[in-house]
Amino acid sequence: MLDIIVVGAGPAGMTAAIYARRAARTVLVLEALSYGGQIINTPDIENYPVEAHISGFDFSTKVYEQAKGLGAEFKFEKVVGIRREEGAFVVETAKNAYEACAVILATGSENRKLGLEDEQKLTGRGVSYCATCDGNFYRRKTVAVVGGGNTALEDALYLSDLAEKVYLIHRRDSFRGEETNAARLMERANVEIVWNSNVTRLLSDKRLTGIEVTNKVDGSVRTIELNGLFIAVGRVPENQNFASLVNLDEAGYVVAGEDCHTSCEGIFVAGDNRVKTLRQLVTATADGAMAATEAVKYINSL
Ligand code: NAP
């Protein structure tokens, strides 16, 4: 039996693995896709101590190699459920079942959808949730970004270096994202900000050809011809598989304080999928350290 299973290989989960290994505990990290989590798509991280600029990919790869170097095991299998059995937790993936004394949930979150007709059908055909992954397809073309948080602002900045024209569509008249990003964006000649507006329809002919945008203040409807639409309207926590084990709040985040303890003894939570006021890289890694330290204390008390 393992000491600790970490579910999720984002910054929180991988930091938890580092701390677990430094406490000489066996640790298995289970991840559905690839290491890195949400941050892997960020082109330039400027607010994490030590490095003034680092890409999300380079950051994630360094943390992954650090955890592996310390002896953490990684398996790329999606966790479908967790159950308690004779003092241990059984973590089930589509292929296998693993046993551990303690579990750390570091599953992060997934892209929020706009909920528009054909949104899913057009994903990969002009609709994207990742500017750094797909931006290159839109060199010298016209694109729009939806959202007003840091992701939307950074996506719009990134795309404005590639595309001919970038519309940024936000439902309010001020941004949620950082002032520095907003100020940089305002200086870009090829960026047009469409305030107080929602995308209300996707126009297509096999691929996305444009969008219909409705102004919330005066009700006017505008059609914008586009090649690509980047949706960056936040994230939703990926905790559905654990709802019967740990308490979630109304929005689906695991209820836990700074000590990362959940309502189920032996299960800890780290990162963006827990209730917290600041979801940043630095708070995710801090959670990973805390959750692993608390998990080790729990195992020592058994
Ligand atoms: P976010 O901060 O939650 O912002 C989501 C944005 O989408 C908000 O502006 C919101 O509008 C808008 N929105 C939500 N639902 C919508 C809908 N149905 N239709 C239209 N607009 C909608 O999400 P995020 O930008 O992905 O950032 C998530 C966290 O990661 C944040 O804490 C952010 O600071 C952090 N982050 C940090 C960095 C960095 O430090 N380099 C980079 C990226 C993200 P309202 O403003 O009206 O609510």
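Residues numbered from 1 in each chain as written. Predicted model: local features only at pLDDT ≥ 70, side-chain atom pairs only at ≥ 80, totals over all residues. Heavy atoms only, no water.

Caption draft 1: Structural context of a positive patch on the surface. The grouping of Arg-112, Arg-171, Arg-172, Arg-176 and Lys-216 at the surface amounts to a positive patch. Note on placement: Arg-176 falls in the loop between strand 10 (165-169) and helix 6 (179-186). By relative accessible area, which is 66% here, Arg-176 ends up exposed. (Patch = residues over 30% accessible without salt bridge, like charges linked within 9 Å, V, L, I, M, F, W, Y side chains within 5 Å. Areas by Shrake-Rupley, 256 points an atom, 1.4 Å probe, with all protein chains shown as cover. Salt bridge = Lys/Arg side-chain N within 4 Å of Asp/Glu carboxyl O. Lys, Arg positive; Asp, Glu negative; His and termini not counted. Charge placed at Lys NZ, Arg CZ, Asp CG, Glu CD. Helix = DSSP H or I, 4+ residues; strand = E, 2+ residues; numbered from the N terminus. Buried < 20%, exposed > 50% of the residue type's maximum accessible area, 1.4 Å probe, protein only.)

Caption draft 2: Region of interest: the pattern of salt bridges. Per the counting criterion, the structure on display carries 15 salt bridges. Salt-bridge contacts for Arg-201 lead to Glu-212; the nearest nitrogen and oxygen are separated by 3.2 Å. With Arg-201 in strand 12 (residues 197-205) and Glu-212 in strand 13 (residues 207-215), the pair connects residues that are 11 residues apart, well separated along the chain. The partner of Lys-297 in a salt bridge is Glu-294, and the shortest N-O contact between them spans 2.9 Å. You can see Lys-297 and its partner Glu-294 sitting in helix 7 (residues 281-300), three residues apart, about one turn around the helix. In this structure Glu-294 comes out as buried when scored by relative accessible area, which is 12%.

Caption draft 3: Just the state of the cysteines, in detail. Per the stated rule, a full pass over the model turns up one disulfide. Between the sulfur atoms of Cys-130 and its disulfide partner Cys-133 the distance amounts to 2.0 Å. Because the torsion about its S-S bond is 75 degrees, the bridge between Cys-130 and Cys-133 counts as right-handed. The thiol of Cys-101 is unpaired, and the distance to the nearest cysteine sulfur, on Cys-264, comes to 14 Å. Judged by relative accessible area, Cys-101 falls into the buried class, the value being 12%. Summary of cysteine pairing: Cys-260 is not part of a disulfide, and the nearest cysteine sulfur, belonging to Cys-264, is at 15 Å. The exposure class of Cys-260 is buried, given its relative accessible area of 0%. (Disulfide = S-S within 2.5 Å.)

Caption draft 4: Summary view of the domain arrangement of the chain. As assigned here, the chain comprises domain 1 (2-110 + 235-301) and domain 2 (113-231). Computed from C-alpha atoms alone, the centre-to-centre distance between domain 1 and domain 2 is 31 Å. Each partner contributes residues to the interface: domain 1 has six residues there, and domain 2 has eight residues. When the two sides are added together, the surface that domain 1 and domain 2 hide from each other amounts to roughly 530 Å², 39% of it contributed by carbon and sulfur. The largest contributions to the domain 1 side of the interface with domain 2 come from Asn-41, Pro-43 and Glu-46, which together make up 64% of the buried area. Put simply, domain 1 and domain 2 have one salt bridge between them. For the salt bridge of Glu-46 with Arg-184, the shortest nitrogen-to-oxygen distance reads 3.2 Å. Summed over the shared surface of domain 1 and domain 2, the result is two residue pairs in polar contact (both at pLDDT 80 or more). Taken together, the residues that form the side of domain 1 that touches domain 2 break down as one nonpolar, four polar and one charged. (Domains from an automatic or database assignment. Contact = heavy atoms within 4.5 Å. Buried area = accessible area lost by both parts, 1.4 Å probe. Polar contact = N/O pair within 3.5 Å; in protein donor to acceptor, adjacent residues only side chain to side chain. Nonpolar A, V, L, I, M, F, W, Y, C, P; charged D, E, K, R; others polar.)

Caption draft 5: Structural detail: the packing of aromatic side chains. In total, this model carries six aromatic pairs according to the counting rule given. With 4.7 Å between their ring centres and 70 degrees between their planes, Tyr-64 and Phe-74 make a pair best called edge-to-face. With Tyr-64 in helix 2 (residues 56-69) and Phe-74 in strand 3 (residues 73-75), this residue pair connects regions lying 10 residues apart in the sequence. Neither Tyr-64 nor Phe-74 differs from the other in exposure class; each is buried. (Phe/Tyr/Trp six-rings, centres within 6.5 Å; stacked < 30°, edge-to-face > 60°.)

Caption draft 6: Structural view of the sheet that holds strand 13. The antiparallel open sheet is built from three strands, whose spatial order is 12-13-14. Edge positions in the open sheet fall to strand 12 and strand 14 (221-225), since each of these has one partner strand only. Averaged over all pairs of adjacent strands, the angle between strand axes in this sheet comes to 25 degrees, irrespective of strand direction. Relative to strand 13, strand 12 is paired through eight bridges, and the arrangement is antiparallel. Looking at the pairing, Arg-201 lines up with Glu-212 of strand 13. (Pairing = 2+ DSSP bridges. Axes fitted to C-alpha atoms, helices over the stretch in contact; angles between N-to-C directions.)

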